[in-house]
Amino acid sequence: MSSPLPAAVLIAPGTGEMTGRTRRYEKRYDDLDGLFLDQAAFAAIAGTRGSEVAYQVDEFRPSDNAGDIIFGTSTLYAGRVGTEFIFTRGHIHAVSDRPEIYFCQSGHGIMLMELADGTVRVEEMTPNSVVYVAPHWIHRSVNVGSEPLVTLFCYPADAGQDYEIIARAGGMRDLIVDDGAGGWKQVPNPRYRPRNTAPGHV
Ligand SMILES: O=P(O)(O)OC[C@H]1O[C@H](O)[C@H](O)[C@@H](O)[C@@H]1O
Ligand SMILES: [Fe+2]
């Protein structure tokens, strides 16, 4: 197991671009197919803007060693699909007891969090707020503003990501939608199928 060296990176205000990152990945609208409730609205957007970047992640990953940390920035551009605000795909950590923190640098967002049993929590993200995603919570960032939502995240290097937990339930239990008055509201997702969390089920 190699021992990483100290390092420093520079984060650009407003865009989250991280000079010194070890990796960038981008998710385009086409990559988010099937995640939003209003499929006709999604098809209309994807038809013209499918290759547009919906969000990007710049990360600094010193190693994958247990005990190390991965940090980086996530930049989620503003947008809506029907009344639903744009979001990241969302995941639970593959090693599910691993937590994460998010520091909001700019923009206005929601951290939508859910336990496997369907318990939901939302925390608002505004500049300088920090959200603690506790162990075992599924998490998804939602941009409810009109500017890019830029967050700095940090999580244990051996955490990994599991996306299936959301897919197999038909999405997250709640949707974050436009309230028609310039704000957001939380409404039940009609496609949600509660997971069987009884012993013996996964
Ligand atoms: O992985 P997604 O659900 O697409 O979210 C994008 C990114 O969000 C956060 O910033 C996490 O810390 C990243 O590890 C993750 O990859
Ligand atoms: Fe995470």
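Residues numbered from 1 in each chain as written. Chains lettered and ligands numbered in written order. Predicted model: local features only at pLDDT ≥ 70, side-chain atom pairs only at ≥ 80, totals over all residues. Heavy atoms only, no water.

## Thoughts on the site of ligand 1
In the vicinity of ligand 1, 14 residues are found, and the nearest of them are Y25, Y55, G90, E100 and Y163. A distance of 2.8 Å is found between an oxygen atom of ligand 1 and a backbone nitrogen or oxygen belonging to G90. For ligand 1, an oxygen atom lies 2.6 Å from a polar atom in the side chain of Y163. Surface burial for ligand 1 is 97%, taken as the share of its 370 Å² of free accessible area covered by protein chains. (Near = heavy atom within 4 Å. Polar contact = N/O pair within 3.5 Å; in protein donor to acceptor, adjacent residues only side chain to side chain. Areas by Shrake-Rupley, 256 points an atom, 1.4 Å probe, with all protein chains shown as cover.)

## A short note on the UniProt feature "domain: Glucose-6-phosphate isomerase prokaryote" (unreviewed entry) in the protein
UniProt tags residues 27-191 as "domain: Glucose-6-phosphate isomerase prokaryote" (unreviewed entry). In residues 27-191, the share of helix is 9% and the share of strand is 42%. The end C-alpha atoms are 23 Å apart. (UniProt positions renumbered as here; feature names shortened; annotations may be inferred. Helix = DSSP H or I, 4+ residues; strand = E, 2+ residues; numbered from the N terminus.)

## Quick notes on the coordination of the iron ion (ligand 2)
Distances from the iron ion (ligand 2) to its protein donors, namely H91 (NE2), H93 (NE2), E100 (OE) and H139 (NE2), fall within the range 2.1 to 2.3 Å. Here the iron ion (ligand 2) binds four donor atoms, and the angle range of 81 to 168° at the metal identifies the geometry as irregular. (Donors = N, O, S within 2.8 Å, 3.2 Å for Na, K, Ca; no water. Tetrahedral: all angles 85-135°; square planar, octahedral: opposite > 155°, others 65-115°.)

## Quick word on the environment of Y155
By secondary structure assignment, the location of Y155 is in strand β13 (residues 149-156). The buried category is assigned to Y155, whose relative accessible area is 5%. For the pair Y155 and I69, spaced 86 residues apart in the sequence, the C-alpha separation amounts to 5.6 Å. Of the polar contacts made by the side chain of Y155, one reaches the side chain of Q161; its length is 3.2 Å. (Buried < 20%, exposed > 50% of the residue type's maximum accessible area, 1.4 Å probe, protein only.)

## Observations regarding the sheet that holds β13
Spatially, six strands are ordered β3-β4-β5-β13-β8-β11 in an open sheet, and the strand pairing comes out antiparallel. The open sheet has two edge strands with one neighbour each: β3 (23-28) and β11 (130-133). Within this sheet the neighbouring strands show an average axis-to-axis angle of 20°, counted without direction. (Pairing = 2+ DSSP bridges. Axes fitted to C-alpha atoms, helices over the stretch in contact; angles between N-to-C directions.)

## A short note on helix α1 (residues 39-49)
What α1 keeps buried is the set A41, F42, I45 and A46. Each buried residue of α1 lies within a common arc of 130° when the element is viewed along its axis, so the set occupies one face. Facing away from the buried side of α1, by more than 90 degrees, are the exposed residues A40, A44, G47 and T48. Close packing links the buried residues of α1 with β6 (80-81). For α1, the N-terminal cap is D38; the gap from its side-chain oxygen to the backbone nitrogen of A40 is 3.3 Å. (Arc of directions from axis to C-beta. Contact = heavy atoms within 4.5 Å.)

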